[in-house]
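Examination of the molecular architecture
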Amino acid sequence: MADPRIDQWAQKLLILAEGSSRVQDLAIGREEARIIGEEINTAGGFDLMREVARRTRDLGRKQPFALGYVERWWNGIGGWRS
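Cut-off values and rules
Residues numbered from 1 in each chain as written. Predicted model: local features only at pLDDT ≥ 70, side-chain atom pairs only at ≥ 80, totals over all residues. Heavy atoms only, no water. Helix = DSSP H or I, 4+ residues; strand = E, 2+ residues; numbered from the N terminus. Rg over C-alpha atoms; globule rule 2.2 N^0.38 Å. Buried < 20%, exposed > 50% of the residue type's maximum accessible area, 1.4 Å probe, protein only. Contact = heavy atoms within 4.5 Å. Areas by Shrake-Rupley, 256 points an atom, 1.4 Å probe, with all protein chains shown as cover. Lys, Arg positive; Asp, Glu negative; His and termini not counted. Charge placed at Lys NZ, Arg CZ, Asp CG, Glu CD. Core = buried A, V, L, I, M, F, W, Y, C linked by side-chain atoms within 4.5 Å. Polar contact = N/O pair within 3.5 Å; in protein donor to acceptor, adjacent residues only side chain to side chain. Salt bridge = Lys/Arg side-chain N within 4 Å of Asp/Glu carboxyl O. Phe/Tyr/Trp six-rings, centres within 6.5 Å; stacked < 30°, edge-to-face > 60°.

So, the overall build of the protein
- Regarding its fold elements, the protein presents three helices and zero strands.
- In the protein, the succession of α and β elements from N to C terminus is α-α-α.
- Since a compact globule built from 82 residues should have a radius of gyration of about 12 Å, the 11 Å found for the protein is in line with a globular shape.
- For the C-alpha atoms alone, the extent of the protein along its principal axes is close to 35 × 25 × 20 Å.
- Looking at the protein as a whole, 39% of its 82 residues are labelled buried.
- Here the contacts in the protein between residues at least 6 apart in sequence split such that 70% fall between residues at least 24 apart.
- Of the roughly 5,100 Å² of accessible surface on the protein, a fraction of 51% belongs to carbon and sulfur atoms.
- For the protein, the centre of its 13 positive side-chain charges and the centre of its 12 negative side-chain charges are spaced 4 Å apart.

Encoded structure:
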């Protein structure tokens, strides 16, 4: 059974990515996304991070840039490399 937090995390990441289109919000988005990434890594490691990234991509079809932000923001957390 999938972790019920996956959609919650993905939605938060989409909101952060959308807000990060403004330069002044990029650092804030990165910091919050890294906190989320660390939480996910602790909860389920790389596999759960990958699942949340996929869900972010699927939910963000109208925001194709969102996954790129997440991939860069999470670089170096656990086994994640961008």
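Considering the nonpolar core
- Counting 21 residues, the largest nonpolar core has L13, I40, V52, W73 and W74 as its most contacted members.
- Ranked by residues supplied to this core, first place goes to helix α2 (residues 23-59) with seven residues.
- Every residue in contact with I40, bar those within four places of it in the chain, is listed here: W9, G45, L48, M49, V52 and W74.

Observations concerning the environment of R57
- Checked against the element boundaries, R57 lands in helix α2.
- Given the relative accessible area of 38%, R57 is considered partly exposed.
- Taking the C-alpha atoms as reference points, R57 and G68, 11 residues apart in sequence, are found 9.2 Å from one another.
- Separated by 3.1 Å, the side chains of R57 and D58 make a polar contact.

Considerations on the side chain of Q63
- On the secondary structure map, Q63 appears in the loop between α2 and α3 (66-73).
- For Q63, a relative accessible area of 16% gives the class buried.
- The residues touching Q63, leaving out its near neighbours within four places in the chain, are L14 and E18.

Concerning the side chain of R34
- Note that R34 resides in helix α2.
- The side chain of R34 sits in the buried core without any salt bridge; E38 is the nearest counter-charge, 4.5 Å away.

Side note on the packing of aromatic side chains
- Throughout the structure, instances matching the rule amount to four aromatic pairs.
- Between the aromatic rings of F65 and Y69, the centroid separation amounts to 5.9 Å while the plane-to-plane angle is 90 degrees, which identifies the pairing as edge-to-face.
- Using a relative accessible area of 39% as the deciding quantity, one classes F65 as partly exposed.
- For Y69, a relative accessible area of 16% gives the class buried.
- Among the aromatic residues, those joined into a ring-pair cluster are F46, W74 and W80.

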